[in-house]
Amino acid sequence: MSINPDTQQHASPVAHFGFDASCCFIGGVWQPASGGEVLTLENPSTGETLCAIARGDAADIDAAVIAAQTAMQTGWGRATALERGRFLSRLGRLVLDNVEQLAELEALDVGKPVKQAKADAVALARYCEFYAGAADKVHGETLPYLEGYTAFTLREPHGVTGHIVPWNYPMQIIGRSVGAALAMGNACVLKPAEEACLTALAFAELAAQAGLPAGALNVVPGLGAEAGQALSSHSGVQHISFTGSVSTGAKVQASAANSVVPVTLELGGKSAQVVFDDADLDAALPFLVNAGVQNAGQTCSASSRLLIQKGVYHQLIDQLAGRYAQLQVGDAMQDLALGPLISARQKSIVEQYLSQGSDLDKVAVGVMHDDASPQGHFVLPTLFADVPPDHVLAQEEIFGPVQVVIPFEDEDAALAIANGTPYGLVASVWTNDGARQMRMAKALRAGQVFINNYGAGGGVELPFGGVGKSGHGREKGFEALYGFSCLKTVAVSHG
Ligand code: NAD
């Protein structure tokens, strides 16, 4: 299925939501970009044009920031924590009521198999529910201080928060950042990715239906170098949440430094799963594969490195190869194991990496479905074995369905390899030795460590973020609420 730009109001899942995909959502109103320009979205499964979206620019970002500032001074800024929680609760309900349609939009726009898109829509609802419940449970403290004083802290919103999100998990990333920011009483300006932004727009429409006051959430689609840059450097923004590549994250941080505002950077990764000889291999196997190929490997927390101890190495390689041979690739609407990559550009990047692996032992590839369109941006999942830890494929984030397997002798060697990249987002350890579980959990350099499982980006309740080039700051869980608020200390002298 595709969305015809001429008939999009009648023939597409966009029509179900009733918004105009070629508009920005500013101050509660759907309006074209001020310059009147549009970009086109592509269906990555077929290469066909999906629809036009607004090409928002600095003027639109400015209008969105002003709308957010106005919301902070009026309705939304005066809402109690209870009211904010109730709004998020209604929004979560609406998201759940529209899971099928949101999943269809995401599958068409991102190329994500429908089942995965549905899981993302459910996760978006879950973020709304979690932050609905948390909104009135974040509070300050009373502090022991001098004789004759009472001192306490208040948790307050930053004000206007900017949210720049990528194309790979729009719904999940919007849920975790916008959900937490709204719970704390901020007004948000969201810049979705130019490659995929339909569910961001649908989310804005659902937020309006849930009764969000005008200006509390504004969405300005557009190019990174235009709308994104304008948002990250706008003097009216008090906090920036950025999810995307390391190079863009560095630019956003530099912009934020000019305005002296805090920034959360959720960047890339080269996450490892470490399998010891004593592990339950049957339990590990599906996690080892799925966490690498989910969303066609376009997952910041994808486990692109599998470190396997020598005693089970050959046995596990055979089992992994067997799984890979069954991985089917095709149109997102066919709901196979993998859909396409987001764009021809992303496909070309991944293919360049694959060509750099020509010296490696390619032990398995997946299969292309007969009906896959030649114009779709498909790449077969590929598994390389016996990869030296310093090989480019074992060091750089590929952002495609490519996994490398690296053998190791003992715990020290495993740690050195696992910690031996500039990234540190997620890691997992498969072992039944309890003492080793604890040693590894402490010694691994990563924002999240899983023992005997792997939650690729999952866990609404679990703080998430990186160290090193994977970024800084934490989203998800309660921790995000601290990031999206600032602490004020009050000391009252009363004699
Ligand atoms: P990207 O950095 O190119 O784009 C991300 C967002 O930034 C988009 O909305 C884009 O329009 C915007 N942008 C681009 N240039 C900008 C600029 N100069 N100023 C402000 N905004 C700008 O990244 P991408 O290619 O879309 O996403 C892939 C990367 O994102 C991967 O490296 C991946 O690991 C990372 N990622 C990380 C997480 C996480 O939570 N850690 C999640 C998803 C993706």
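Along each chain, the written sequence defines residue order, and numbers are assigned to residues from 1. In keeping with the model being predicted, local features are shown solely for residues with a pLDDT of at least 70 and side-chain atom pairs are shown and tallied solely at 80 or more, while totals for entire chains, interfaces and linings include all residues. Heavy atoms from the whole structure form the basis of all side-chain values; hydrogens and water molecules are not counted.

Next up on the list: the overall build of the protein chain. Each helix is a run of H or I in the DSSP string that is no shorter than four residues. Each strand is a run of E no shorter than two, and both are numbered from the N terminus. Along the backbone of the protein chain there are 18 helices and 22 strands. The globule rule used for comparison is 2.2 Å times the number of residues to the exponent 0.38, while the radius of gyration itself is calculated over C-alpha atoms. Computed over the C-alpha atoms, the radius of gyration of the protein chain is 23 Å, within 12% of the 23 Å expected from 2.2 N^0.38 for a compact globule of 495 residues. Projected onto the principal axes, the alpha-carbon positions of the protein chain cover approximately 70 × 70 × 40 Å. Taking all 495 residues of the protein chain together, 56% fall into the buried category. Contact between two residues is taken to exist if any of their heavy atoms lie within 4.5 Å; hydrogens are not considered. For the protein chain, long-range pairs separated by at least 24 residues make up 74% of all intrachain contacts whose partners lie at least 6 apart in sequence. What sets the accessible areas is the Shrake-Rupley method with a 1.4 Å probe; for residues, cover comes only from the shown protein chains. Accessible surface for the protein chain amounts to roughly 18,400 Å². Of this, 52% is attributable to carbon and sulfur atoms. Exposure categories follow from relative accessible area, calculated using a 1.4 Å probe and restricted to protein chains: below 20% of the type maximum is buried, above 50% is exposed, and the middle band is partly exposed.

Moving on, we get to the domain arrangement of the protein chain. Residue ranges labeled as domains rest on an automatic or database domain assignment. Per the domain assignment, the segments making up the protein chain are domain 1 (5–267) and domain 2 (271–459). On the domain 1 side of the interface with domain 2, the three residues burying the most area are Ser45, Trp167 and Tyr169, jointly 26% of the side's total. For this document, the term salt bridge refers to a Lys or Arg side-chain nitrogen within 4 Å of an Asp or Glu carboxyl oxygen. The interface formed by domain 1 and domain 2 includes zero salt bridges. Counting of polar contacts relies on pairs of N or O atoms within 3.5 Å, with two restrictions inside protein: one atom must be capable of donating a hydrogen and the other of accepting it, and residues adjacent in sequence are counted only when both atoms are side-chain atoms. Counting across the domain 1 and domain 2 interface gives 12 residue pairs in polar contact (both at pLDDT 80 or more). When residues of the side of domain 1 that touches domain 2 are traced back to their parent elements, those giving at least two are α6 (99–110) and α7 (114–134). A total of five residues in the side of domain 1 that touches domain 2 trace back to one element, the largest contributor, which is α6. Here the side of domain 1 that touches domain 2 is built from residues that sort into 11 nonpolar, seven polar and six charged. Note on definitions: buried area is the accessible-area loss of two parts on being combined, 1.4 Å probe, summed for both. Residue classes follow a fixed rule: Ala, Val, Leu, Ile, Met, Phe, Trp, Tyr, Cys and Pro count as nonpolar, while Asp, Glu, Lys and Arg count as charged, and any other residue, Gly among them, counts as polar.

Looking now at the site of the ligand. Definition of nearness: a residue and a molecule or strand are near each other if at least one heavy atom of the residue lies within 4 Å of the molecule or strand. Every one of the 29 residues lining the ligand counts as a neighbour, but Lys191, Glu194, Ser245, Leu267 and Glu397 are closest to it. A distance of 2.7 Å is found between an oxygen atom of the ligand and a side-chain nitrogen or oxygen belonging to arginine 176. In isolation the ligand exposes 850 Å². Once the protein is present, 90% of that is buried. Because more than half of its atoms lie within 2 Å of the grid, the ligand is assigned to the largest pocket. Of all the elements in the fold, those that place two or more residues in the shell around the ligand are α8 (170–183), α10 (224–232), β10 (239–243) and α11 (246–259). When we break the shell around the ligand down by domain, the ones giving at least three residues each are domain 1 (5–267) and domain 2 (271–459). Computed over the protein atoms alone on a 1 Å grid, cavities are sets of points where a 1.4 Å probe fits but cannot get out and pockets are open sets with protein on both sides within 12 Å along at least five of seven lines; a residue lines them when it has an atom within 4 Å of a point. A molecule is counted as occupying a cavity or pocket when more than half of its atoms fall within 2 Å of that pocket's grid points.

Before going further, it helps to spend a moment on the sheet that holds strand β18 (residues 402–408). In space, the seven strands of this open sheet follow the order β15-β17-β18-β13-β12-β19-β20, with mixed pairing throughout. The sheet terminates laterally at β15 (361–365) and β20 (448–451), the two strands that pair on one side only. Averaged over all pairs of adjacent strands, the angle between strand axes in this sheet comes to 20°, irrespective of strand direction. Here strand β12 (residues 272–275) runs beside strand β19 (residues 426–430); their pairing, made up of four bridges, is parallel. Residue pairing across strands places alanine 272 opposite alanine 427, the latter belonging to β19. DSSP-based pairing: two strands are paired if at least 2 bridges between them are found. Every angle, taken between N-to-C directions, lies between 0 and 180 degrees, and every axis is a line fitted to C-alpha atoms, over only the stretch in contact when it is a helix.

Turning our eyes to something else, we now look at the side chain of glutamate 106. Here glutamate 106 is to be found in helix α6. For this count, His and the chain ends are skipped, Lys and Arg are scored as positive, and Asp and Glu as negative. It is lysine 112 that comes nearest to the buried, bridge-free glutamate 106 among opposite-charge side chains, at 5.2 Å.

Here we take up α6. Expected span of a helix, by definition, is 1.5 Å for each gap between consecutive residues, and there is one gap fewer than residues. For α6, which comprises 12 residues, the first-to-last C-alpha distance of 16 Å matches the rise-based estimate of 16 Å (1.5 Å per residue) to within 8%. Judged by how many residues are buried, α6 sits mostly within the fold: nine of 12 residues are covered. Taken together, the buried positions of α6 are Val99, Leu102, Ala103, Leu105, Glu106, Ala107, Leu108, Asp109 and Val110. Note on α6: the residue one or two positions beyond its end, glycine 111, has a positive phi of about 85°.

Per the stated rule, a full pass over the model turns up 16 salt bridges. Between glutamate 411 and arginine 439 there is a salt bridge; the shortest N-O distance is 2.8 Å. Within this pair, whereas glutamate 411 is found in helix α16 (residues 411–418), its partner arginine 439 is found in helix α17 (residues 434–443), the two being separated by 28 residues in sequence. Taking relative accessible area as the criterion, arginine 439 reaches 43% and is therefore assigned partly exposed. Salt bridges linked by common partners bring Asp278, Glu411, Arg436 and Arg439 together as one network.

Within a regular strand, side chains alternate between the sheet's two faces. Residues Ala272 and Val274 point to one face of β12 and Gln273 and Val275 to the other, with burial holding for every one of them. Two strands pair when backbone bridges link them, and β12 and strand β13 (residues 305–309) are joined in this way by four bridges, in the parallel orientation. Residue pairing in the sheet places valine 274 in a bridge with leucine 307 of β13. Crossover handedness for the path β12 to helix α12 (residues 281–293) to β13: right-handed. With its strands directed away from the observer, a crossover is right-handed exactly when the path from the first strand over the helix to the second travels clockwise.

Pairing of aromatic rings covers Phe, Tyr and Trp, the last through its six-membered ring, and needs centres within 6.5 Å; plane angles under 30 degrees mean stacked, over 60 mean edge-to-face, and all others mean tilted. By the definition in use, this model includes 11 aromatic pairs. Between phenylalanine 19 and tryptophan 30, the ring centres sit 5.2 Å apart and the planes meet at 20°, which makes this aromatic pair stacked. With phenylalanine 19 in the loop between α2 (13–17) and β1 (24–26) and tryptophan 30 in strand β2 (residues 29–31), this pair connects stretches of sequence that are 11 residues apart. Ring centres 6.2 Å apart and planes at 40° place the aromatic pair phenylalanine 450 and tyrosine 454 in the tilted group.

Turning to α16, its buried residues number three or more, namely Glu411, Ala414, Leu415, Ile417 and Ala418. Buried residues in α16, looked at end-on, bunch into an arc of 165°, giving them a common side. In α16, the exposed residues that point more than 90 degrees away from the buried face are Asp412 and Ala416. On the buried face of α16, the contacting elements are β12, β13, β18 and α17. In this description, one arc is meant: the one made by directions from the helix axis to the C-beta atoms.

The next point concerns a nonpolar patch on the surface. Taken together, the side chains of Tyr145, Leu146 and Tyr149 make up a nonpolar region of the molecular surface, amounting to roughly 320 Å² of accessible area. Here leucine 146 shows up in the loop between β5 (142–143) and β6 (149–157). Overall, the relative accessible area of 48% leaves leucine 146 in the partly exposed class. Patches in this entry comprise residues that are over 30% relatively accessible and not in a salt bridge; like charges within 9 Å are linked, as are nonpolar side chains (Val, Leu, Ile, Met, Phe, Trp, Tyr) within 5 Å.

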